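Next come the chains, spelled out residue by residue.
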Amino acid sequence: MDVAIIGIGIHPFGRFDGMSGLDLGEVAARRALSDAGLAWSDMEFAFGGSIDGGYADSLVSRLGLTGIPFTNVSNGCATGGSALAMAVNRIQANESDLGLVVGFDKHPRGAFAADPASLGLPQWYGETGMMLTTQFFAMKIQRYMHTYGISESSLTKVAAKAFRNGAMNPNSWRQKPVSEEEIAGSRLLNHPLTQYMLCSPNEGAAAVVLCRADQAARYTQRPVIVNGVALRTRLFGSFEVMAPSLPLEQAASPTAQAATACFEAAGIGPEDVDVAQLQDGEVGAEIMHMAENGLCADGDQEAMIQAGETEITGRLPINTDGGLIANGEPIGASALRQVHELVLQLRGDAGARQVPGEPRVGYAQVYGAPGTGCCTVLSR
Amino acid sequence: MLTAAYKSATLSPTAGPNVVRSSLKQTPIAEHLFTWPTDQPQLIGSRCSDCGVVTFPSQGSCPKCTSQSVTEALLPRRGTLWTFTTQEFLPKTPPYAGTESAEDFTPYGVGYVELPDHVMVESRLTESDPHRLRIGMPMELVIEPFRSDAAGDEVMSFAFRPVEAR
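What counts, and at which threshold
- Residues numbered from 1 in each chain as written.
- Chains lettered and ligands numbered in written order.
- Predicted model: local features only at pLDDT ≥ 70, side-chain atom pairs only at ≥ 80, totals over all residues.
- Heavy atoms only, no water.
- Contact = heavy atoms within 4.5 Å.
- Buried area = accessible area lost by both parts, 1.4 Å probe.
- Salt bridge = Lys/Arg side-chain N within 4 Å of Asp/Glu carboxyl O.
- Polar contact = N/O pair within 3.5 Å; in protein donor to acceptor, adjacent residues only side chain to side chain.
- Helix = DSSP H or I, 4+ residues; strand = E, 2+ residues; numbered from the N terminus.
- Buried < 20%, exposed > 50% of the residue type's maximum accessible area, 1.4 Å probe, protein only.
- Pairing = 2+ DSSP bridges.
- Axes fitted to C-alpha atoms, helices over the stretch in contact; angles between N-to-C directions.
- Domains from an automatic or database assignment.
- Phe/Tyr/Trp six-rings, centres within 6.5 Å; stacked < 30°, edge-to-face > 60°.
- Expected span 1.5 Å × (residues − 1).
- Parallel < 35°, antiparallel > 145°, perpendicular 65-115°, else oblique.
- Left-handed = near helix turned anticlockwise from the far one by under 90°.
- Nonpolar A, V, L, I, M, F, W, Y, C, P; charged D, E, K, R; others polar.

Asks: For this particular structure, what's the right way to read the interface of chain A and chain B?
Replies: Residue-level contacts link 39 residues of chain A with 43 residues of chain B. Across the interface of chain A and chain B, roughly 3,500 Å² is buried in total on both sides, 65% from carbon and sulfur atoms. In terms of surface lost to chain B, no three residues of chain A exceed A:Trp124, A:Met139 and A:Leu248, which account for 19% of the buried area on that side. Put simply, A:Glu249 and B:Lys64 hold a salt bridge, and the shortest N to O gap is 3.1 Å. Joining chain A to chain B, the criterion identifies 21 residue pairs in polar contact (both at pLDDT 80 or more). Listing elements by their share of the side of chain A that touches chain B, those giving two or more residues are helix H4 (123–127), helix H5 (133–148), strand S5 (188–190) and strand S9 (245–246) of chain A. Of all the elements, H5(A) adds the most residues to the side of chain A that touches chain B, at seven residues.

Written out as structure tokens, the structure reads:
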């Protein structure tokens, strides 16, 4: 059974002093309900996720104590994608017809700091300053640039695109374009990545309302179908964040595995994708995730980026809303922001950043510690 | 806060003994992480008795074949740099336990060193200039002071040092 998205809502991403994570989540949930023309009392279930913003299910005290099953989901940067996957599964399993997924977060300023023990890592690993996600991404792209001939210029161009697209997105945190010179010349944080090439944790919320696709016409003339959603974790040999050691043999990343499974379930191939939102925790991740998701071959990114093919007007527009780099990363909300943007694009409602040519297939991917990939294929 | 003093006491990024000694009492940052005390230190990993896969640090099960039959494995002291970065900002405490302030923090290198026929190990590097690091360069293990503890003793940790400039 197909599942359809019939409502979307977002609270802008950024910094909102005086608002709690739950406040943000409530706004996004109410906007998604309103977009679907439905009330909270119509919802048969909900899934929600937040890492630092409070328990999602406590939103019921504001939205209404209707007694429905509301499950909290916590899966690192893949939290929103995982919540969406569980909602789709629930409808496909015929347990419910209609429900809501909400994700929100409110992180302290600065880079994420994790507790080694909570990730099953030894204390010394954190104590000696090696347990930083940004180091991993820098080392992964460093190796990738060496192996596949990706230039520093391409890193800069990906960041410039993110800020340019973000400036056309009223919900984005960063509202100004940043020049390639300014990006390349900004403070070095983890070689080869400079300050403007990395996203920052922040605050925001997003939500979607889903139903059985065969009932979608009751609520909207413009449903978006969830053709596939898949979640995978590490295989032995994949190069993952926060790994004190790596095996000599190499294996497909969780993203690559999830992408394969997702496209297979959807019966839609990567060549059919008209617009994609990829996890760009930093610019290198966007570049590597292009290949891991099957959207191009390893090494093709250099020519594609230099030719502008991933711009909104290009052959394969990527991160049309500015991605994580312009929006920041409130973990619980991040994957649902991607879905929100894809639904806008597929409906033709993306305004100044609308992808031309009436895109039909959208693709979203998130990746998080300690090695989780979650992918979604949508179509209209 | 002795970290600043360590910077001058620590030897050149590319030469010197395998263990940076001092007159202070020196204690490893963790038990069973590297052989100690010795002038030829080695990292301690584990090897699966069933499939031969080596893991670092040592753990009680094999991440590849899931066997729980593992034995201790001393890792080679030398390898090659597989990838690297530099840490240019002060990491958050906790979990970071370095005693620098944002003002006296100096960048450090981090990389994965491929230890032939064993495993790739993530490590701090003695060299922090990215232009003096390159993928494939030979590296060797050193044990050096990381910080001082509450009692004033030196807490020792591991790092890898480029070999070629010696």
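Asks: What exactly am I supposed to notice about helix H9 (residues 283–292) of chain A here?
Replies: The α-helix winds at 3.6 residues per turn, so residues separated by three or four positions along the chain end up facing the same way. Residues and elements named next belong to chain A. Most of H9 sits out of view: ten of its ten residues are buried. Of all the residues in H9, the buried ones are Val283, Gly284, Ala285, Glu286, Ile287, Met288, His289, Met290, Ala291 and Glu292. At the N-terminal end of H9, a side-chain oxygen is found 2.6 Å from the backbone nitrogen of Gly284, two or three residues along, and the residue is Glu282. Where H9 terminates, the next one or two residues include Gly294, which has phi positive at roughly 80°.

Asks: Quick question: what am I supposed to make of the sheet that holds strand S3 (residues 54–55) of chain B here?
Replies: Residues and elements named next belong to chain B. On the basis of which strands lie adjacent, the open sheet formed by three strands has the order S3-S2-S4 and antiparallel pairing. At either end of the open sheet lies a strand with only one pairing partner, and these are S3 and strand S4 (70–74). Taken together, the five bridges between strand S2 (residues 44–48) and S4 define a ladder with antiparallel strand orientation. Paired with Ile44 across the two strands is Leu74, which belongs to S4.

Asks: In this structure, what is going on with the sheet that holds strand S1 (residues 3–14) of chain A? I would like to understand it.
Replies: Backbone hydrogen bonds hold the strands of a sheet together, and the pairing may be parallel or antiparallel. Residue and element names in this part refer to chain A. Judged by pairing direction, the sheet is mixed, and its nine strands sit side by side in the order S3-S2-S4-S7-S1-S8-S12-S11-S10 without closing on themselves. A single partner strand is all that each edge strand has here, and the edge strands are strand S3 (70–72) and strand S10 (275–277). Recorded for the sheet is a direction-independent mean angle of 20° between the axes of neighbouring strands. With eight bridges connecting them, strand S11 (residues 361–368) and strand S12 (residues 372–379) associate as antiparallel partners.

Asks: Please clarify how the pairing of S2(B) should be interpreted in this entry.
Replies: For a regular strand, the rule is simple: side chains alternate between the two faces of the sheet. Residue and element names in this part refer to chain B. Among the five residues that make up S2, four are buried, leaving the element largely enclosed by the rest of the structure. Of the pairings in the sheet, the one linking S2 to S3 comprises two bridges and is antiparallel in character. Pairing of Ser46 across the sheet is with Thr55, part of S3.

Asks: What should I look at first to understand unusual backbone geometry in this one?
Replies: Note on backbone geometry: most residues besides glycine have negative phi, and most peptide bonds are trans. Residues and elements named next belong to chain B. With omega at -10°, the peptide bond leading from Phe56 into Pro57 counts as cis. Within the secondary structure, Pro57 sits in the loop between S3 and S4. A cis geometry characterises the amide bond from Pro94 onward to Pro95, with omega recorded as 10°. Note on placement: Pro95 falls in the loop between strand S5 (78–87) and strand S6 (108–115).

Asks: Any chance you could explain the domain arrangement of chain B here in plain terms?
Replies: Interfaces are often described in size by the accessible area the parts lose on coming together. Residue and element names in this part refer to chain B. Segmenting chain B into domains produces domain 1 (30–75) and domain 2 (77–166). If you average the C-alpha positions of domain 1 and of domain 2, the two centres end up 20 Å apart. Taken together, the contact pairs twelve residues of domain 1 with eleven residues of domain 2. Summed over both sides, the interface of domain 1 with domain 2 buries roughly 1,100 Å², with 77% coming from carbon and sulfur. Interface area lost by domain 1 to domain 2 is led by Pro41, Leu43 and Leu75, which between them contribute 41%. Scanning the region where domain 1 abuts domain 2 turns up one residue pair in polar contact (both at pLDDT 80 or more).

Asks: Got a minute to help me understand the packing of aromatic side chains in this structure?
Replies: Each pair of aromatic rings is reported with the distance of its centres and the angle of its planes. One pass over the structure, following the stated rule, counts 19 aromatic pairs over all chains. On the numbers, 6.1 Å between centres and 80° between planes, the contact of B:Phe34 with B:Trp36 is edge-to-face. The exposure class assigned to B:Phe34 is buried, which follows from its relative accessible area of 4%. Relative to B:Phe146, the ring of B:Tyr96 lies with its centre 6.1 Å away and its plane at 75°, an arrangement referred to as edge-to-face. Of this pair, B:Tyr96 sits in the loop between S5 and S6 while B:Phe146 is found in strand S8 (residues 138–148), placing the two residues 50 residues apart along the sequence. Residues B:Tyr96 and B:Phe146 agree in their burial class; the two are buried. Three or more aromatic residues link up through ring pairs in this structure, and these residues are A:Phe136, A:Phe137, A:Phe239, A:Tyr367, B:Trp82 and B:Tyr112.

Asks: Which parts of the structure should I look at to understand the pairing of strand S8 (residues 224–233) of chain A?
Replies: Residue and element names in this part refer to chain A. Among the ten residues of S8, seven are classified as buried, and the element is accordingly described as predominantly covered. Here S1 runs beside S8; their pairing, made up of three bridges, is antiparallel. The residue bridging Ile5 from the neighbouring strand is Val224, located in S8. Bridging between S8 and S12 involves eight bridges; their strand directions are antiparallel. Looking at the pairing, Leu231 lines up with Cys374 of S12.

Asks: Is there a simple way to explain helix H6 (residues 152–166) of chain A in this structure?
Replies: Residue and element names in this part refer to chain A. Compared with an ideal rise of 1.5 Å per residue, which puts 15 residues at 21 Å, H6 spans 22 Å between its outermost C-alpha atoms and is within 8% of the ideal. Within H6, eleven of the 15 residues are buried, leaving the element largely enclosed by the surrounding structure. Listed in full, the buried residues belonging to H6 are Ser154, Leu155, Thr156, Val158, Ala159, Ala160, Lys161, Ala162, Phe163, Asn165 and Gly166. For H6, the secondary structure elements touched by its buried residues are H5, helix H7 (180–185), strand S6 (193–194), H9, helix H10 (301–306) and helix H11 (323–327).

Asks: Would you explain the packing of H5(A) against H9(A) in this entry?
Replies: The packing of two helices is summarised by the inter-axis angle and the distance between the axes. Residue and element names in this part refer to chain A. One way to put it is that H5 packs onto H9 with a least axis distance of 9 Å and a crossing angle of 60°. In terms of their interaxial angle, H5 and H9 are classed as oblique. As H5 packs across H9, the resulting crossing turns out to be left-handed. Residue-level inspection shows Phe137, Lys140, Ile141 and Tyr144 of H5 in contact with H9, the latter providing Gly284, Ala285, Ile287, Met288, Ala291 and Glu292. When the residues that make up the contact of H5 with H9 are grouped by side-chain class, the tally is seven nonpolar, one polar and two charged.

Asks: Looking at this structure, I do not really get the side chain of A:Ser154. What am I missing?
Replies: Residues and elements named next belong to chain A. Residue position: Ser154 is located in helix H6. Ser154 sits in the buried class, given a relative accessible area of 0%. With residues near it in sequence (within four places) discarded, Ser154 still touches Ile287, Glu302, Ile305 and Gln306.

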